[in-house]
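# Fold and geometry: a report
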Amino acid sequence: MTSISKRKEESHLVNGGVKQSTWSKAFSSNAVWEEKDEFLDVIYWLRQIIAIILGVIWGVAPLKGFLGIAIFCIINAGVLYVYFSSFQQIDEEEYGGTWELTKEGFMTSFALFLVGLVMSIKMYKLLKYNKN
Amino acid sequence: MQSLLDTVAAEISSDSGKGITWVLVYRTEKYKRLKAEVEKQSKKLEKKKETITESAGRQQKKKIERQEEKLKNNNRDLSMVRMKSMFAIGFCFTALMGMFNSIFDGRVVAKLPFVPLSYIQGLSHRNLLGEDYTDCSFIFLYILCTMSIRQNIQKMLGLAPSRAATKQAGGFLGPPPQAAKFS
């Protein structure tokens, strides 16, 4: 096995795990992505992280109803769009277009957002109740 | 809060099904070999379909059809290997769901910060009394946990199928994305 292919293996686990060197590429501007799946996994996991963070914040902030959900969707899609188009400057056509990149992991992140939101609301009420 | 934690714990404990799958199936050499073969063939087929043009020769198209057939056979073999674990998971799931339904029947496990759409209310307000549709039932939260926590655990542990394999498998259920090029 050549050293290049060995490095490829080391940087990217099969089927979704993301290793250290992949994360360092993820936070460097204009990184080179040899494997499409590697970049898609980064998009997926960034989306999950955003979902958890927003879920917790939305639980504390008074953002209720479908407005809160709509704002989550816009922020989730918007932040990742800025990430892959401006920060990483990738060619969207290589990945099947902007829509493919936008929907990568979206439903899972939405479910995670709702779970985080429900837990966060409950925790916040509990802490408020205990304080009083 | 207890109900909420119980629901999440129920979801995590039902992942014991995945643990059984790992012991019975995922550890075996036959499964690993078949999975690697399916991944390799899916990626190869996807690359070939991307480079094929409208004016591609008959031989090229026949080659791709042969590869698709080979991939279909390997997918079928992989499904057969998984069948053992599917029965075990099905049994676990049925037993666990019966137990959790009796524990959480009529209990509000959480409050939603929004009123779900009418066709989702049947699920989110299942077996709950009253007209307050922000009350969340166990089954709705369980489904959300399955969609989020379980999916992410599978992906983290490398148990989820690759995108290429999912795309090709989806093609066998419906028209494949490149079908139009061969008509």
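Criteria and thresholds
- Residues numbered from 1 in each chain as written.
- Chains lettered and ligands numbered in written order.
- Predicted model: local features only at pLDDT ≥ 70, side-chain atom pairs only at ≥ 80, totals over all residues.
- Heavy atoms only, no water.
- UniProt positions renumbered as here; feature names shortened; annotations may be inferred.
- 1 Å grid on protein atoms, 1.4 Å probe; cavity = no way out; pocket = protein on both sides within 12 Å on 5 of 7 lines; lining within 4 Å.
- Points joined across faces, edges and corners; volume = space filled by probe spheres on them.
- Helix = DSSP H or I, 4+ residues; strand = E, 2+ residues; numbered from the N terminus.
- Nonpolar A, V, L, I, M, F, W, Y, C, P; charged D, E, K, R; others polar.
- pLDDT = per-residue confidence, 0-100.
- Contact = heavy atoms within 4.5 Å.
- Salt bridge = Lys/Arg side-chain N within 4 Å of Asp/Glu carboxyl O.
- Polar contact = N/O pair within 3.5 Å; in protein donor to acceptor, adjacent residues only side chain to side chain.

In the nomenclature of an unreviewed UniProt entry, chain B corresponds to Calcium load-activated calcium channel from the organism Oreochromis niloticus. Word for word, the UniProt comment on chain B under Function (unreviewed entry) is "Calcium-selective channel required to prevent calcium stores from overfilling."

Going by an unreviewed UniProt entry, chain A carries the name RAB5 interacting factor and comes from Oreochromis niloticus. Turning to chain A, the UniProt annotation filed under Sequence similarities (unreviewed entry) states: "Belongs to the EMC6 family." Regarding chain A, the relevant UniProt record gives this comment under Subcellular location (unreviewed entry): "Endoplasmic reticulum membrane".

With the rule as written, the count across this model stands at 1 cavity of 30 Å³ or more. Considered as a void within the structure, the largest cavity measures approximately 30 Å³ in volume. For the largest cavity, the full set of lining residues is Trp58(A), Leu63(A), Lys64(A), Gly65(A), Gly68(A), Ile69(A), Phe113(A), Leu117(A), Pro113(B) and Phe114(B). Tallying contributions element by element places helix α4 (residues 65-87) of chain A first for the lining of the largest cavity, with 3 residues.

Space inside the second largest pocket adds up to approximately 300 Å³. The wall of the second largest pocket is formed by 15 residues, among which Phe110(A), Leu114(A), Ile120(B), Phe140(B) and Leu144(B) lie closest to the centre. Where the lining of the second largest pocket is concerned, the elements lending two or more residues are α4 and α6 (106-131) of chain A together with α5 (118-124) and α6 (138-156) of chain B. Across the lining of the second largest pocket, the residue classes tally to 15 nonpolar, no polar and no charged.

The share of residues in chain A with pLDDT of 70 or more is 84%, and the mean pLDDT across the chain is 83. In this model, residues 1-11 of chain A is a region of pLDDT below 50 whose contacts with residues beyond four sequence positions or in other chains number 9 contacts.

Chain B puts 28 residues into the contact, and the matching count from chain A is 29 residues. In this assembly, chain B and chain A are joined by 1 salt bridge. Residue Lys155(B) is joined to Asp41(A) by a salt bridge in which the shortest nitrogen-to-oxygen separation is 3.2 Å. In this assembly, chain B and chain A are joined by 4 residue pairs in polar contact (both at pLDDT 80 or more). Those elements that provide at least two residues to the side of chain B that touches chain A are α1 (2-14), α3 (29-51), β1 (110-111) and α6 of chain B.

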